[in-house]
Amino acid sequence: MGRLTTSRRVTRITLEGANRQRPDAIAVEEPLEIRVAGSPLSVTMRTPGHDVELAAGFLVSEGVISRGDQFARAIHCGGPGTGGADGNTYNVLDLTLAAGVAPPTPRSFFTTSSCGVCGTASIDAVEKVSTYDVSTDTLSISAHDVAALPDRLREQQKTFDKTGGLHGAALFDVASGELLVAREDVGRHNAVDKVVGWALLNDRLPLRGTVLQVSGRVSFELVQKAVMAGIPMLSAVSAPSSLAIELAERAGLTLAAFVRGSSMNLYTRADRIVVASTTPVTEDVAGVR
């Protein structure tokens with residue numbers, strides 16, 4: 001496995017006049033080329049670690065596979081085109097799917113750590129039809145428990161503690177309250193793929209009765225990944241995009257955002273959130289949350 005962090009000397013200054021050099025921990029970002037049966041599929045910028053989960057979750061998000069028995073094995077290779085002659089960089093991963101699983105169509109664009117679908121020709125091309133229907137999930141969770149999820153995720157972000165530079169994603173089982181898995185990555189979409197990949201490799205799909213908690217904002221792509229994995233609720237500490245809300249509404253996924261402290265915004269399927277009592281208040285001022 002590659003490095004999670006590296007160290008660089010930085011000059012730290014303050015407005016009060018302090019000026020000193022010190023070592024600083026930096027989150028590593030490296031490319032991962034994903035191949036299927038030797039054929040290049042995609043390149044994503046990621047934080048090394050849990051690469052097999054990342055690749056497996058990516059295939060779930062792309063609609064290539066939806067069950068653990070469709071994923072056969074994975075092996076790290078040497079650098080692109082080297083056949084391993086230049087040593088194993090751990091930045092090329094070759095996947096083998098089970099017999100009878102149709103191979104995916106190679107993606108023709110580079111995936112950055114900040115946006116997994118940048119460069120896609122149209123939204124229609126990335127909105128997949130999920131094997132699982134999240135709208136029928138009977139999940140019910142108290143608002144109090146939802147409000148606690150960001151802090152529970154934050155407690156698992158050990159590399160973020162060192163670098164301040166990684167996104168986090170965690171999966172919670174509502175019935176037991178258990179944190180099932182938490183992953184970090186420079187790309188928020190990669191962190192989610194690692195969580196979904198963990199579920200696939202442990203035969204946990206579909207992820208009924210679970211909540212996916214993420215550390216940042218909610219894009220269309222994160223909602224899509226949740227729906228493809230059968231996750232009925234997505235919670236985030238920051239803002240959702242308009243397209244994320246539209247997809248969540250169409251899919252029947254509960255979307256909570258701005259989950260901070262004792263408040264949150266519920267954008268879709270608020271019926272799954274249990275509140276002891278509420279006093280409806282209408283606010284006319286635009287932008288008030």
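Refer to the structure above for everything that follows.
Quick caveat: nothing in here was measured; it's all calculated off a predicted structure.

Student: I'm lost on the nonpolar core in this one. Help?
Tutor: If you look at soluble globular proteins, the nonpolar side chains tend to sit buried side by side. In this structure, I65, L212 and L234 are the most contacted members of the largest nonpolar core, which totals 51 residues. The element best represented in this core is helix α5 (residues 188-201), accounting for seven residues. Residues within four places of L212 in sequence aside, it is in contact with A169, A170, L171, V192, V195, A226, I231, M233, L234 and S235. Judged by nonpolar contacts, the second largest core, of 16 residues, contains I141, L149, F172 and V259.

Student: Quick question: what am I supposed to make of the environment of I231 here?
Tutor: Note on placement: I231 falls in the loop between α6 (220-228) and β11 (233-236). Assessed through its relative accessible area of 0%, I231 is described here as buried. Linking I231 and L171, residues 60 residues apart in sequence, is a C-alpha distance of 9.2 Å.

Student: What exactly am I supposed to notice about the sheet that holds β11 here?
Tutor: By definition, the strands of a sheet pair up through backbone hydrogen bonds, in either a parallel or an antiparallel sense. An order of β9-β8-β10-β11-β12-β13 is seen for the six strands of this open sheet, with the pairing classed as mixed. Single-partner strands in this sheet number two, and they are β9 (179-185) and β13 (263-268). Between one strand axis and the next, the sheet turns through 20 degrees on average, direction left out of account. With three bridges connecting them, β11 and strand β12 (residues 254-260) associate as parallel partners. If you follow S235 over to β12, its bridge partner there is A256.

Calculation criteria
- Sequence positions are assigned chain by chain, starting from 1 and proceeding in written order.
- Per-residue local features are limited, in this predicted model, to residues with pLDDT of at least 70; the limit for side-chain atom pairs, both in listing and counting, is 80 or more; totals at the level of whole chains, interfaces and linings are taken over all residues.
- Computation of side-chain values: all heavy atoms of the structure, hydrogens and water removed.
- Among the buried residues, those of types Ala, Val, Leu, Ile, Met, Phe, Trp, Tyr and Cys that are joined through side-chain atoms within 4.5 Å form a nonpolar core.
- Each residue gets one of three labels from its accessible area relative to the maximum for its type: buried under 20%, exposed over 50%, partly exposed in between, using a 1.4 Å probe on protein chains only.
- Secondary structure elements are taken from DSSP: a helix is a run of H or I of four residues or more, a strand is a run of E of two residues or more, and numbering for both begins at the N terminus.
- It only takes one pair of heavy atoms within 4.5 Å for two residues to be counted as in contact.
- DSSP bridges decide pairing: two strands pair if at least two such bridges lie between them.
- All axes here are fitted lines through C-alpha atoms, helices being fitted over the stretch that makes contact, and every angle between N-to-C directions spans 0 to 180 degrees.

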